[in-house]
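Breakdown of the fold
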Amino acid sequence: MKLLSLIVLFITTVVSTQVNAGNICGDNKLEKITICHAGSEHNPHFVNICVDLPAVHGHLKNHSHDSVGACGSTTQSLNDGVVYACNAGIKHIKPASRVCYQRSNPSLSCNPSACESGQSCDCVCSGETDGPNVVDFMKYNGRSFSNVGQLNEIENDSFWGGTFQARTSTYSEKSGQIDSEGFVVATHDPSNYVLRNNSLSFELGSELYGTEYFVDLCWKNTNEDYAGEFKITPKYSYRNKQLFGQSYVETADILTRTDVECTDDKNQKFNLFDEPWLLFPSQMSEILPQVGTVDGVSFCRVRHYFKENSNSFRPWETKAIEVSTSLEVALTEDQETPLDQGVKLCHPIASESGNTNGMTNSHGNGNGHQDSGLLVCQVLFESNLAYEQFVLDHQDSSHGNSNSSYSVNHNDDSRFTSTRNCEETTGLTMADPVACMLKFATDGYHHDHDFVIGGNGTLIIKENN
């Protein structure tokens, strides 16, 4: 019997837009600041946390992925993630018994025992040793990847060297590749597996219809903190490879459905979309499952199932189709990225006549109380990066220990807002910006070329080059 070849083509589409990440400290916790914190080097799951200002140095120094400001606020725009072909599967359930049919009319069953001895008989039967299902198989190029950056190499032939794979629908030979639905699959970890475009083919040589197969397209949210609300738009279609006779879709009575499974930001899986079996249209048309939108997720897998619903014998002549699948995942409209407005800092310093030992929690409480021994520097860092540089560029005063002169000298810092300046926030008198520059130099920050004196006694600090 000739093989039926089904070639599956993958098309991926990605569109960029923006998303709002948020600032969890806000204006109600001026003694703290929002930073974007990574869970670990190997699993940088980003989350916004609110920390004391002196703790910023430890986060930036000990966690290379951490940054000042809400997740996403330093990039100005976030992307739609990455879409890729990720898995395929095939199965053929064993028939309950041997099946016999008339050679002249395969749609009619027959009894071979009724043939007289020595005479030709029009009755033929399926194989006795798993003949109906042992010759279904799929071919593809596929490989694992450790980070999404590697997917930039999928157009290079060297990326796919030695990746050719073949899987039969025979259970015993590929038992380690069987999933919970009974499919022999390319991988059990589609989130970190990629199939080469146009490399997948299902070649069905079973005597009987009854083969089931699927293809998966996957999407990863690559934004910090898995931010964004996304619209998921899968679609697929087919075309006959022959223009005469009854099509494979019609003779096999193909049923189809789409299933979407996602993983949320807490690494919990849930089913986003699962439609019932539908009759595949006998004439070529585009199928658009209405999946909808999802937010707070790290990963989604879109699976298209195809099932031969006919229980008759497969025709002898070759019939084939090409199936095209695509997946677009795009951030929904009207989402905005928080602008990087920098950091507004209030830094108490000792006045010339004040007590230099009175720096610990001795400044005003915001209710009008003022310590005559302290003044306050009002400092505007033009960007989050400028503040990060300020924190990290202080000289370490502990001779190799993890502490720094930043933490030692900034225990009483707070933030000011657009409606309340440092005098109103702390109850202290504003210091001269030049005095603030000198104090920072004494504390170990020596990038004086980054200083600009602005209006209202504000010292402006830019990014250093």
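Shown above is the structure to which this text applies.
Note that the coordinates shown come from a computational prediction; the quantities given were computed from them, not determined experimentally.

About the cut-offs
Residues numbered from 1 in each chain as written. Predicted model: local features only at pLDDT ≥ 70, side-chain atom pairs only at ≥ 80, totals over all residues. Heavy atoms only, no water. Helix = DSSP H or I, 4+ residues; strand = E, 2+ residues; numbered from the N terminus. Buried < 20%, exposed > 50% of the residue type's maximum accessible area, 1.4 Å probe, protein only. Contact = heavy atoms within 4.5 Å. Areas by Shrake-Rupley, 256 points an atom, 1.4 Å probe, with all protein chains shown as cover. Core = buried A, V, L, I, M, F, W, Y, C linked by side-chain atoms within 4.5 Å. Patch = residues over 30% accessible without salt bridge, like charges linked within 9 Å, V, L, I, M, F, W, Y side chains within 5 Å. Salt bridge = Lys/Arg side-chain N within 4 Å of Asp/Glu carboxyl O. Pairing = 2+ DSSP bridges. Phe/Tyr/Trp six-rings, centres within 6.5 Å; stacked < 30°, edge-to-face > 60°. Lys NZ or Arg CZ within 6 Å of the ring centre and 35° of its normal. Arc of directions from axis to C-beta. Polar contact = N/O pair within 3.5 Å; in protein donor to acceptor, adjacent residues only side chain to side chain.

**Observations regarding the overall build of the protein**
- A tally of regular secondary structure across the protein gives six helices and 26 strands.
- Within the protein, the proportion of its 465 residues that are buried is 48%.
- A separation threshold of at least 6 residues defines the contact pool for the protein, and within that pool the share at least 24 residues apart is 77%.
- On the protein, roughly 22400 Å² of surface is accessible, and the fraction owed to carbon and sulfur atoms is 46%.

**Some details on the nonpolar core**
- Residues Phe202 and Tyr248 are the most contacted members of the largest nonpolar core, which totals 42 residues.
- Ranked by residue count, the leading element in this core is strand β20 (residues 321–331), at five residues.
- Judged by nonpolar contacts, the second largest core, of 25 residues, contains Val68, Cys436, Phe440 and Leu459.

**Regarding helix α3 (residues 384–392)**
- Burial runs high along α3: seven of the nine residues are buried.
- Within α3 the residues assigned to the buried category are Asn384, Ala386, Tyr387, Glu388, Gln389, Phe390 and Val391.

**Describing a nonpolar patch on the surface**
- Taken together, the side chains of Val434, Leu438 and Ile453 define a hydrophobic patch exposed on the protein surface, amounting to about 280 Å² of accessible area.
- Checked against the element boundaries, Leu438 lands in helix α6 (residues 433–443).
- Owing to a relative accessible area of 57%, Leu438 belongs among the exposed residues under this scheme.

**So, the sheet that holds strand β4 (residues 67–68)**
- The three strands are arranged β3-β2-β4 in an open sheet whose pairing can be described as antiparallel. The sheet is open, and its two edges are formed by β3 (46–52) and β4, each paired on a single side.
- Where strand β2 (residues 32–38) meets β3, seven bridges bridge the pair, whose relative direction is antiparallel. Bridge pairing links Lys32 to Asp52 in β3.

**Here's the deal with unusual backbone geometry**
- Non-glycine residue Asn198 carries a positive phi angle of around 70 degrees.
- Relative to the elements of secondary structure, Asn198 occurs in the loop between β11 (193–195) and β12 (200–204).
- Of note, the phi angle at Asp253 is positive, near 55 degrees, even though the residue is not glycine.
- According to the relative accessible area criterion, Asp253 is partly exposed, its value standing at 27%.

**Some points on the pairing of strand β5 (residues 82–92)**
- In terms of burial, β5 is a largely internal element, 11 of the 11 residues being buried.
- By the bridge criterion, 10 bridges tie β5 to strand β13 (residues 211–220) in an arrangement that is antiparallel. Within β13, the residue paired with Ile90 across the bridge is Tyr213.
- With two bridges connecting them, β5 and strand β10 (residues 184–185) associate as antiparallel partners. By the bridge assignment for β10, Gly89 is matched with Val185.

**Some thoughts on the packing of aromatic side chains**
- This model, assessed by the stated rule, comprises 21 aromatic pairs.
- Consider the rings of Phe183 and Tyr305, whose centres lie 6.0 Å apart with planes at 45 degrees: the pair is tilted. Of this pair, Phe183 sits in the loop between β9 (164–168) and β10 while Tyr305 sits in strand β19 (residues 297–308); the two residues are 122 residues apart in sequence, bridging distant segments of the chain. Judged on exposure class, the residue Phe183 and its partner Tyr305 are both buried.
- Measuring from ring centre to ring centre gives 4.9 Å for Phe381 and Phe390, while their planes differ by 55 degrees; the resulting arrangement is tilted.
- Residue class for Phe381 comes out buried when judged on its relative accessible area of 0%.
- Stacked on the ring of Tyr305, the Lys or Arg Arg257 has its end atom at 4.1 Å from the ring centre.
- Taking the ring centre of Phe214 as reference, the NZ or CZ of Arg303 above it sits at 3.7 Å.

**Brief notes about the environment of Tyr406**
- When you line up the elements, Tyr406 lands in helix α4 (residues 405–409).
- Residue Tyr406 is classed as buried on the basis of its relative accessible area of 0%.
- C-alpha separation for the pair Tyr406 and Gly444, spaced 38 residues apart in sequence, amounts to 7.9 Å.
- Beyond its immediate sequence surroundings of up to four residues, Tyr406 is in contact with Leu53, Pro54, His57, Tyr387, Phe390, Val391, His394 and Asp413.

**What to know about α6**
- Taken residue by residue, α6 has Pro433, Cys436, Phe440 and Asp443 as its buried positions. Buried residues in α6, looked at end-on, bunch into an arc of 75 degrees, giving them a common side. Facing away from the buried side of α6 by more than 90 degrees, the exposed set consists of Leu438 and Thr442.
- On its buried side, α6 packs onto β21 (343–350), β22 (374–381), α3, α4, β25 (451–453) and β26 (458–461).
- One side-chain oxygen of the residue at the start of α6 lies 2.8 Å from the amide nitrogen of Val434, identifying that residue as Asp432.

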